[in-house]
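Analysis of the macromolecular model
What follows is the residue order along each chain.
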Amino acid sequence: MIDKNRQIMQTIGQAIAKYRQAVGLTQAQLAEILGIGNDAVSRMERGTTVLTVLRLFELAEIFKCEVADLITDGSNRSIDQARSLEKMLLQLNECERTELLLLVEKMIDWKKLDK
């Protein structure tokens, strides 16, 4: 269970680093916004500290994302991956979505042929 918890914390930390970089903040800038030290931000991103729900909401507000994005980004659970795919699909136009769906269907058909 400890390894699973560590893995979850590291996944959340990686998501924090990704979203921080996406909004163009340095660790020092994020630390200043949060009113904490740079080392605390570093620990969050390395996944060596357990974040409170309140801190996750604060980060989501800063990054303009949902708390769930910080928790599920990089998850290997199929429901979380489906949510990530849905977010990506929303960035595509109708033609691109159709092409992507056709590609996925082909991949599934190829997988069936391998069996």
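Everything discussed here concerns the structure shown above.
Below or above, wherever it landed, is the structure these notes cover.

Overview of the nonpolar core
Among the nonpolar cores identified, the biggest contains 19 residues, and I16, L30, M44, L51, L59, F63 and L70 are the most heavily contacted of them. The set of elements that each furnish at least two residues to this core consists of α1 (2-22), α2 (27-34), α3 (38-46), α4 (53-63) and α5 (67-72). Excluding residues that lie within four positions of it along the chain, F63 makes contacts with I16, Y19, R20, V23, L30 and L70.

Focus on the environment of L59
Mapped onto the elements of the fold, L59 is located in helix α4. Every residue in contact with L59, bar those within four places of it in the chain, is listed here: I16, L30, L34, M44, L51 and L70.

A few points about the packing of aromatic side chains
Inspection of the entire model under this criterion finds one aromatic pair. Relative to F63, the ring of Y19 has its centre 6.3 Å away and its plane inclined at 20°; by these criteria the two rings are stacked. Of this pair, Y19 sits in helix α1 while F63 sits in helix α4, placing them 44 residues apart in sequence. In this pair, the class of Y19 matches that of F63, namely buried.

Describing the pattern of salt bridges
Pairing of side chains with opposite charge becomes possible as their charged atoms draw close. Counting across every chain of the model gives nine salt bridges. In this structure, the salt-bridge partner of E58 is R55, at a minimum N-O distance of 2.7 Å. One end of the pair, E58, and the other, R55, are both in helix α4, three residues apart, so they sit about a helical turn from each other. Note on R55: relative accessible area 21%, which makes it partly exposed. Three or more residues are tied together by salt bridges with common partners; here these are E66, D69, R83 and K87.

Focus on the packing of α2 against α4
When two helices pack together, their arrangement is captured by the angle between the axes and the distance separating the axes. Where α2 meets α4, the axes come as close as 11 Å, and the angle between the chain directions of the two elements is 120°. Classified by the angle between their axes, α2 and α4 sit oblique to one another. Both α2 and α4 take part in a crossing whose hand is right-handed. For the pair α2 and α4, the contacting residues are L30, I33 and L34 in the first and R55, E58, L59, I62 and F63 in the second. Residues that form the contact of α2 with α4 fall into these classes: six nonpolar, no polar and two charged.

Points about unusual backbone geometry
Despite not being glycine, K64 has its phi angle at roughly 55°, a positive value. Tracing the sequence through the fold places K64 in the loop between α4 and α5. Take K64: its relative accessible area is 75%, and that puts it in the exposed class.

Reading guide: rules and limits
- Residues numbered from 1 in each chain as written.
- Predicted model: local features only at pLDDT ≥ 70, side-chain atom pairs only at ≥ 80, totals over all residues.
- Heavy atoms only, no water.
- Core = buried A, V, L, I, M, F, W, Y, C linked by side-chain atoms within 4.5 Å.
- Buried < 20%, exposed > 50% of the residue type's maximum accessible area, 1.4 Å probe, protein only.
- Helix = DSSP H or I, 4+ residues; strand = E, 2+ residues; numbered from the N terminus.
- Contact = heavy atoms within 4.5 Å.
- Phe/Tyr/Trp six-rings, centres within 6.5 Å; stacked < 30°, edge-to-face > 60°.
- Salt bridge = Lys/Arg side-chain N within 4 Å of Asp/Glu carboxyl O.
- Axes fitted to C-alpha atoms, helices over the stretch in contact; angles between N-to-C directions.
- Parallel < 35°, antiparallel > 145°, perpendicular 65-115°, else oblique.
- Left-handed = near helix turned anticlockwise from the far one by under 90°.
- Nonpolar A, V, L, I, M, F, W, Y, C, P; charged D, E, K, R; others polar.

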